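Inside the fold
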Amino acid sequence: MDFDSPDVMKDFPGLYASELNKKCNNDSDYSDETDKGNKKDMLIGKRKDKKDKKDKEKGYAALEGESSADEECKSRSPSKTKKSKSFKFTTKSKDKREKSREKEKDTGDKKKERDKKNDKKTEKEKNKKVKNYEDALDIAEALPIFGVNLETAVERSRCHDGIDIPLPIRECIDYIESAGTSFEGIYKISGTKSKVLLIRKMYNNRQNINLNDYDVPTATSLLKMFLRDLPEPIFTSDSLVRFEEAGAILNLNTREKHLKILVDNLPPLNKLLLSWLIIHLDNISLNQTHNKMTKQNISAALNHTFHSSSRLLHALLHHCRALFPDLTITKYIPPLSSGQTLPDDLETMEIELKKQESLLTQIHTEMNVGCISKEREELLWEVQRIITQLKRKIKTAHKEKEPIVPQEKEEPEPVEVSVEEPIKEPEPIVEPENRPTEPEPTLENTIEHLEEIPQDDDNDKPMILTDSSLLLLKFKNNGLLALKERLERNILEEQKEILSLKNQLLPEKPSVVPSNEGLDELMSLLQKENQILQINKINLVRKIIEQQEICIELKAKLELSNQV
Amino acid sequence: MAKKPAVQTALHKVIMVGSGGVGKSALTLQFMYDEFVENYEPTKADSYRKKVLLDGEDVQIDILDTAGQEDYAAIRDNYFRSGEGFLCIFSITEDESFQATQEFREQILRVKNDENIPFLLVGNKSDLQDKRKVTFQEASDRANKWGVPYVETSAKTREHVDKVFYDLMREIRARKMEENKTNNGRGKDKNKKKKLKCVIL
């Protein structure tokens, strides 16, 4: 473990000592921060209490501590205490809200500058592995949710119900679907920028946000901001052009077909997010009598957000049901927090357990990167406690369910199995992190031995079904193996060819350089053609594979009949 | 904010450490729910909270039951950092688990960087005297070397189960009071210093 490296350990002066230390050393420790603060000063030209604020921001975690020394430090500057409150809770009093807004403006201006630094910084810190709060990273700075690529954003702000779209988007969609579909000019009218920036900051800080405290334009603007801030368009840089071309096709059937292929070839996370957004926007357009937002209007209002043309958006909206046939938008129910009563029926408990475990994994990941604060640790214990309680409850529920056959695993009621299986499936989503995968102790064991039964059944059946089906499978297997070998050989050959072609390309490059407008036009034409050909190729390859599979199956059958 | 600590009951965070199968979960469950679990299920991590009366004072105890297996070391460190007191468990019937306590002690000291962290060495399974592999003397020698108490428990018979938790909580409480004092002292010193500076200026 990196944590064990002894030289880092030396730096760890203990829980409470470190808090005090931090408070008192702030000015010197964060000279970097102060620098930034000064730049900010110049930019905005007001706020002389900037440094205080900055300190407060960084020291926030420490301020949360409860030792009386902290209290004293705080009482030295009463304004700090007040602000630190407004920083933590969703703003209640106007006074507080205003303050955080001002602050947000500042940080907003600074944001870009900070974003640039972030990547480098995070990596550096990662290697360092922080041991105490003093060195701990500010989570909003080290692991922001906005402005990072989609995969990272999903990882950092997971919806713990297994639907992998970033939490801010999910919550915006939920809120808008429930409160705003009839809002006139929705997605066209933008919200107050300061509010949007405040919410973004809160998301980056992993605070709980209740969008009901805000309004529809704020939520739509936040969603737009998230998408605009993505470093790569949701259609991916590679396929954006192809999407645009597909969207420009006049024949509706062809257009749909091409879009479908392109959508299906998107990375899973992009496809998922796109599907939710498009279906959501379609829902908005269904309410156009009230909100005056036709598909046309929506596309015009959002094309920048999607880094695309409005024509493409309109095409996607037009074909949305064909492109994403079985998607329904479901409201996100976050994991319970302590104090809420746990569910009683088995299925809900299992689902809740998965959510909590997903949340726990996320907290651990964040802490392992170095985002440690009193608050996070508190949360860690809390989530762990809920998991323990849930596991206990589930265990007792299982025991109550099978009181007649307490020892024999052979014959539990089939009802039980059907309850287990659908829940077992989302498992990989819960533990994708690179930590050692662990054999889930209490609950998993019970599930496992329940699952043994259907497996046994499966094993029994083919035995009874005579060996003809077994033979068939064997033949099929042989056929598939042969196919695999052949394909692998092909791949090797083609790889060789690619290499040799590349070698040819290298020396020829300079001759390509001279180009003029005519050539450019030709180029784009050729590119278009190429893309269309590519799509056709993909289709053909698919067909070939399908045919091959059918062939193998038929051959296997033939051989079987020959044997018989 | 100043009102908060007065209203809130004290919360002591205890962490159970030790090799796999020595009875960390058994001790915890016995303490929490007065039950003894015979069958062994390795723990990944479990956390419990209980309200108890500690010398006439209402307090809450958070117990974190960790995994004995090395596989979970990455998670364990996150918890160690936030623990205020540690019960280091071994089984008196298994010498290996006793040897492992040395490793655990070092790990904790490394993470906490504090020699005086509240800590108890606990020899569990004292009901299995006929299978004893670690003598009382051996264990208490090690405890003396570390400057920590040694207690033998039985999660099965509940012998000394409450004792180890309560003793540890007392140590944590004493530790916190001491810390508050020194912190206050230091805080005042700082203020004085600042004042002095101003006068000079």
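What you see is a predicted model, and the numbers here were worked out from it, not measured in a lab. (Residues numbered from 1 in each chain as written. Chains lettered and ligands numbered in written order. Predicted model: local features only at pLDDT ≥ 70, side-chain atom pairs only at ≥ 80, totals over all residues. Heavy atoms only, no water.)

Considerations on the overall build of chain B
The helix and strand inventory of chain B stands at six helices and six strands. Counting from the amino terminus, chain B carries its helices and strands in the arrangement α-β-α-β-β-α-β-α-β-α-β-α. Residues counted as buried form 51% of the 201 residues belonging to chain B. If you take every contact in chain B between residues at least 6 apart in sequence, the share linking residues at least 24 apart comes to 74%. (Helix = DSSP H or I, 4+ residues; strand = E, 2+ residues; numbered from the N terminus. Buried < 20%, exposed > 50% of the residue type's maximum accessible area, 1.4 Å probe, protein only. Contact = heavy atoms within 4.5 Å.)

Some remarks on the environment of Leu302 of chain A
Residues and elements named next belong to chain A. Relative to the helices and strands, Leu302 resides in helix α17 (residues 295-302). For the pair Leu302 and Arg228, spaced 74 residues apart in sequence, the C-alpha separation works out to 9.9 Å. Setting aside its immediate chain neighbours within four residues, Leu302 contacts Tyr187, Lys224, Leu281 and Leu313.

Re the UniProt feature "coiled-coil region" (unreviewed entry) in chain A
Those places that UniProt annotates as "coiled-coil region" (unreviewed entry) correspond, in this numbering, to residues 477-504 of chain A. Between the end C-alpha atoms of residues 477-504 of chain A the distance is 41 Å, and the span holds 100% helix and 0% strand. (UniProt positions renumbered as here; feature names shortened; annotations may be inferred.)

Some details on unusual backbone geometry
At Lys292 of chain A, a position not held by glycine, the phi torsion is positive, near 60°. When its relative accessible area of 47% is taken as the criterion, Lys292 of chain A is described as partly exposed.

Quick notes on helix α13 (residues 237-248) of chain A
Residue and element names in this part refer to chain A. Along its 12 residues, α13 runs 18 Å from first to last C-alpha, staying within 8% of the 16 Å computed at 1.5 Å per residue. The complete set of buried residues in α13 reads Ser239, Leu240, Arg242, Phe243, Glu244, Ala246 and Gly247. Contacts from the buried residues of α13 go to α14 (252-265), α18 (310-318) and α26 (517-563). (Expected span 1.5 Å × (residues − 1).)

Let's talk about helix α2 (residues 24-33) of chain B
Counting buried residues in α2 of chain B gives nine out of 10 residues, a clear majority hidden from the surface. All of the buried residues in α2 of chain B are Lys24, Ser25, Ala26, Leu27, Thr28, Leu29, Gln30, Phe31 and Met32 of chain B.

Thoughts on the confidence of the model for chain A
It should be kept in mind that the predicted coordinates are not to be read in detail where pLDDT is low. Overall, the prediction assigns chain A a mean pLDDT of 71, with 62% of residues at 70 or greater. For residues 1-131 of chain A, every residue scores under 50 in pLDDT, and the model assigns this stretch 209 contacts once sequence neighbours within four places are set aside. (pLDDT = per-residue confidence, 0-100.)

Considering the nonpolar core
The biggest cluster of nonpolar side chains holds 65 residues, and the ones touching the most others in it are Leu227, Phe235, Leu274, Leu277 and Phe306 of chain A. Look past the residues within four positions of Phe306 of chain A in its chain and what remains in contact with it is Leu227, Pro233, Ile234, Phe235, Leu274, Leu277, Leu281 and Leu313 of chain A. By size, the runner-up hydrophobic cluster in this structure holds 45 residues, among which are Ile363 of chain A together with Ala67, Ile75 and Leu109 of chain B. (Core = buried A, V, L, I, M, F, W, Y, C linked by side-chain atoms within 4.5 Å.)

Some words on the pattern of salt bridges
All names here are of chain A. Tallied over the entire structure, the rule returns 27 salt bridges over all chains. Ionic pairing is found between Lys391 and Glu357, a salt bridge with its closest N-O pair at 3.9 Å. Highlighted residues: Lys391 in helix α21 (residues 374-401) and Glu357 in helix α20 (residues 346-369), separated in sequence by 34 residues. Classification of Glu357 by relative accessible area gives buried; the value is 6%. (Salt bridge = Lys/Arg side-chain N within 4 Å of Asp/Glu carboxyl O.)

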